[in-house]
Amino acid sequence: MTTLEAIQTTPVDVAKIREQFPVLDQQVNGYPLVYLDNAATSQKPRIVLDAIAGYYEKENANIHRGIHTLAEKATADFELTRRAVQGFIHAAEPEEIVFTSGTTAGINLVAQTLGRKILHPGDEVIISAMEHHSNIVPWQLICEEKGAMLKVIPITDEGELRMDEYRNMLSSRTRIVSVAYVSNTLGTVNPVAEVIRLAHEAGARVLIDAAQAVVHMPIDVQELDCDLLSFSAHKMYGPTGVGVLYGKREVLEFMPPYQGGGEMIREVTFACTTYNDLPYKFEAGTPNIGGVVAFKAAIDFIVSLDRTAVAAHEEALVSKTMQGLGDLDGIRLIGTAPHKAGVVSFVSDKIHHFDFGMMLDAKGIAIRTGHHCTEPLMNLLGIEGTNRASFAVYNTMAEVDYFLQTVRDILARKK
Ligand SMILES: Cc1ncc(COP(=O)(O)O)c(C=O)c1O
């Protein structure tokens, strides 16, 4: 596979970046690993791995409650990450950053607090047809409990939100709108600024599922004016088990606590409990301290890159893959919106996606196959699942060439 050493066509120094990801330097089934499952989870650079080890080697202690040196160090580093996240998404205050275990946890938190507080029988929650199960089921649970209705924005054949339908759907009954910034199955980048603006005009609150967006594009929550935004560290070169729920202060203040326990309280008696200030009101129990501390290294890594160049590089990877697959007989691209980020989904008319995934794995290529936790979208499209290649900054054009050649070889064998 000499093409792996091919010259990069973009200004991102991918070879140098790859050196920072030890996991990429291995053979799988006798071939160099080509990791194209980044939408599921990205790989971690050396600085993140070192930060995890460093935390446990040098300062492991519980946070916020201790007065000894290690506890103070751990607390300071934990809070340093909060400030890094605040800067990263341009939140107005660090208190607007709540640490969770991931995107799913953040959405459930909002559904069970804001949803429980403001939804009444006959009220409506709007999501879209391309949502991940994480942004469907929490709303179904709370809508069922409160007698509210879940409405779904339809999509076009290319995989874009039907904004005309969305406009018609909004009414004084709409309480919450919750949509993905970027679809994990289609790769569509949704016009969330417009989604938010229209929802606010109707008097609704908006949660953005930014799980697939944060790693690919700069996010400014104040400019977007979203009320809430949820994402996961593990999809942005950070550790698993760490996530962020951003909320405007007034919205977080309005929301009742979610889980009860240590840290989220101010005073507890058997008669009654008062709650802690933001953000601790939503951070019950011991969090993933080492993960949060190491998450800062992931943010530092992203910030150290030229994000415009990275976006151009990733866009080039996506469009080359789209073009290459689009030229093949018997391959159908799923999700052809003009504005996409990081994800290419496709189906073959002859080969089941599970078989396709296994044949690619036999050549060292890791993709994801199945419904990608978007079963309602699959039903809508009349398919069972797709093959999904998803990209990160460390992927190369040579890997795309190798992937496309392997797809062609697989198809040729099936003729
Ligand atoms: C769009 C989207 N939302 C939510 C999630 C759930 O993220 P997590 O499993 O990290 O909570 C994912 C994960 O793939 C996703 O792609």
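The following paragraphs examine the structure supplied in this document. Note that the structure is a prediction, hence the values are computed from the model and not measured. (Residues numbered from 1 in each chain as written. Predicted model: local features only at pLDDT ≥ 70, side-chain atom pairs only at ≥ 80, totals over all residues. Heavy atoms only, no water.)

### Quick notes on the overall build of the protein
In terms of regular secondary structure, the protein is built from 14 helices and 17 strands. Taken over C-alpha atoms, the radius of gyration comes to 22 Å for the protein, in line with the 22 Å a tight globule of 415 residues would show. Principal axes of the C-alpha set define a box for the protein whose edges measure 75 × 55 × 35 Å. Partitioning the intrachain contacts of the protein with sequence separation of at least 6 by distance along the chain shows that 71% fall at a separation of at least 24. Just so you have it, the protein exposes about 17400 Å², and 52% of that area is on carbon and sulfur atoms. Distance between charge centres in the protein, computed from 37 positive and 51 negative side chains, equals 2 Å. (Helix = DSSP H or I, 4+ residues; strand = E, 2+ residues; numbered from the N terminus. Rg over C-alpha atoms; globule rule 2.2 N^0.38 Å. Contact = heavy atoms within 4.5 Å. Areas by Shrake-Rupley, 256 points an atom, 1.4 Å probe, with all protein chains shown as cover. Lys, Arg positive; Asp, Glu negative; His and termini not counted. Charge placed at Lys NZ, Arg CZ, Asp CG, Glu CD.)

### As for helix H3 (residues 69–89)
With 21 residues, H3 should cover 30 Å at 1.5 Å per step; its first-to-last C-alpha distance of 31 Å lies within 8% of that length. Looking at H3, one finds that the buried residues are Ala71, Ala74, Thr75, Phe78, Glu79, Thr81, Arg82, Ala84, Val85, Gln86, Phe88 and Ile89. Directly after H3, the chain includes His90, whose backbone phi takes a positive value near 55°. (Expected span 1.5 Å × (residues − 1). Buried < 20%, exposed > 50% of the residue type's maximum accessible area, 1.4 Å probe, protein only.)

### Some thoughts on the layout of surface pockets
Empty space within the second largest pocket amounts to approximately 250 Å³. What lines the second largest pocket is a set of 15 residues, and nearest its centre among them are Phe99, Thr100, Ser101, Phe282 and Ala284. Listed by contribution, the elements that provide at least two residues to the lining of the second largest pocket are strand E4 (97–100) and helix H4 (103–118). Of the residues assigned to the lining of the second largest pocket, the class counts are eight nonpolar, six polar and one charged. (1 Å grid on protein atoms, 1.4 Å probe; cavity = no way out; pocket = protein on both sides within 12 Å on 5 of 7 lines; lining within 4 Å. Points joined across faces, edges and corners; volume = space filled by probe spheres on them. Nonpolar A, V, L, I, M, F, W, Y, C, P; charged D, E, K, R; others polar.)

### Thoughts on the packing of helix H12 (residues 353–361) against helix H14 (residues 397–413)
The N-to-C vectors of H12 and H14 enclose an angle of 120°; their axes lie 10 Å apart at closest approach. Relative to H14, the element H12 is oriented oblique. Judged by the sense of rotation from one axis to the other, the crossing of H12 with H14 is right-handed. Only Phe403, Thr406, Val407, Ile410, Leu411 and Arg413 of H14 make contact with H12, whose side of the interface consists of Phe356, Met359 and Leu360. Split into classes, the residues belonging to the contact of H12 with H14 amount to seven nonpolar, one polar and one charged. (Axes fitted to C-alpha atoms, helices over the stretch in contact; angles between N-to-C directions. Parallel < 35°, antiparallel > 145°, perpendicular 65-115°, else oblique. Left-handed = near helix turned anticlockwise from the far one by under 90°.)

### Some details on the packing of aromatic side chains
Following the criterion strictly, the structure yields nine aromatic pairs and no others. Seen from their ring centres, Phe78 and Phe99 are 5.2 Å apart, and the 70° between their planes marks the pair as edge-to-face. Of the two residues, Phe78 is situated in helix H3 and Phe99 in strand E4; the sequence distance between them amounts to 21 residues. The interplanar angle of 90° and the centroid separation of 5.6 Å between the aromatic rings of Phe346 and Phe356 together place this pair among those described as edge-to-face. Of the two residues, Phe346 sits in strand E14 (residues 343–348) while Phe356 sits in helix H12, which places them ten residues apart along the sequence. In terms of burial, Phe346 and Phe356 fall into one category: buried. (Phe/Tyr/Trp six-rings, centres within 6.5 Å; stacked < 30°, edge-to-face > 60°.)

### Here's the deal with H12
Residues His353, Phe356, Gly357 and Leu360 constitute the buried set of H12. Angularly, the buried residues of H12 cover 100° about the axis, an arc narrow enough to put them on a single face. Next to the buried residues of H12 lie strand E13 (331–334), E14, strand E15 (365–366), strand E16 (368–370), strand E17 (386–390) and H14. (Arc of directions from axis to C-beta.)

### Looking at the site of the ligand
Gly102, Thr103, Thr104, His132, Ser134, Asn184, Asp209, Ala211, Gln212, Ser232, His234 and Lys235 make up every residue found near the ligand. Here an oxygen atom of the ligand sits 2.5 Å away from a polar atom, N or O, in the side chain of Thr104. In this structure, a nitrogen atom belonging to the ligand sits 2.5 Å away from a side-chain N or O atom of Asp209. Residues of the shell around the ligand, tallied by class, amount to one nonpolar, nine polar and two charged. (Near = heavy atom within 4 Å. Polar contact = N/O pair within 3.5 Å; in protein donor to acceptor, adjacent residues only side chain to side chain.)

### What to know about the side chain of Thr103
For Thr103, the location among the structural elements is in helix H4. Classification of Thr103 as buried rests on a relative accessible area of 6%. Excluding residues that lie within four positions of it along the chain, Thr103 makes contacts with Asp209, Ala211, Ser230, Phe231 and Ser232.

### What to know about the sheet that holds strand E5 (residues 124–128)
Read across the sheet, seven strands follow the order E4-E10-E9-E8-E7-E5-E6 without closing on themselves; strand pairing throughout is mixed. Edge strands, defined here as strands with exactly one partner in the open sheet, are E4 and strand E6 (149–153). Strand-to-strand, the axes of this sheet are offset by a mean angle of 20°, without reference to chain direction. Pairing of strand E9 (residues 228–232) with strand E10 (residues 243–247) involves five bridges; the strand directions are antiparallel. Opposite Ser232, over in E10, you have Gly243 as the bridge partner. Against the sheet, H3 engages E4, E9 and E10, with an angle of about 120° to E4. (Pairing = 2+ DSSP bridges.)

### Points about the pattern of salt bridges
Under the definition given, this model contains 24 salt bridges. In this structure, Asp37 and Arg368 form a salt bridge, with 3.0 Å as the shortest nitrogen-oxygen distance. Residue Asp37 is found in the loop between strand E3 (34–35) and helix H2 (46–58), and its partner Arg368 is found in strand E16; the two are separated by 331 residues along the sequence. Look at Asp37 and you get buried, because its relative accessible area is 7%. When its relative accessible area of 37% is taken as the criterion, Arg368 is described as partly exposed. Taking the shortest distance from any N to any O, the salt bridge between Arg249 and Glu253 comes out at 2.8 Å. Taken together, the residues Arg249 and Glu253, both in helix H9 (residues 249–254) and four residues apart, mark about one turn of the helix. (Salt bridge = Lys/Arg side-chain N within 4 Å of Asp/Glu carboxyl O.)

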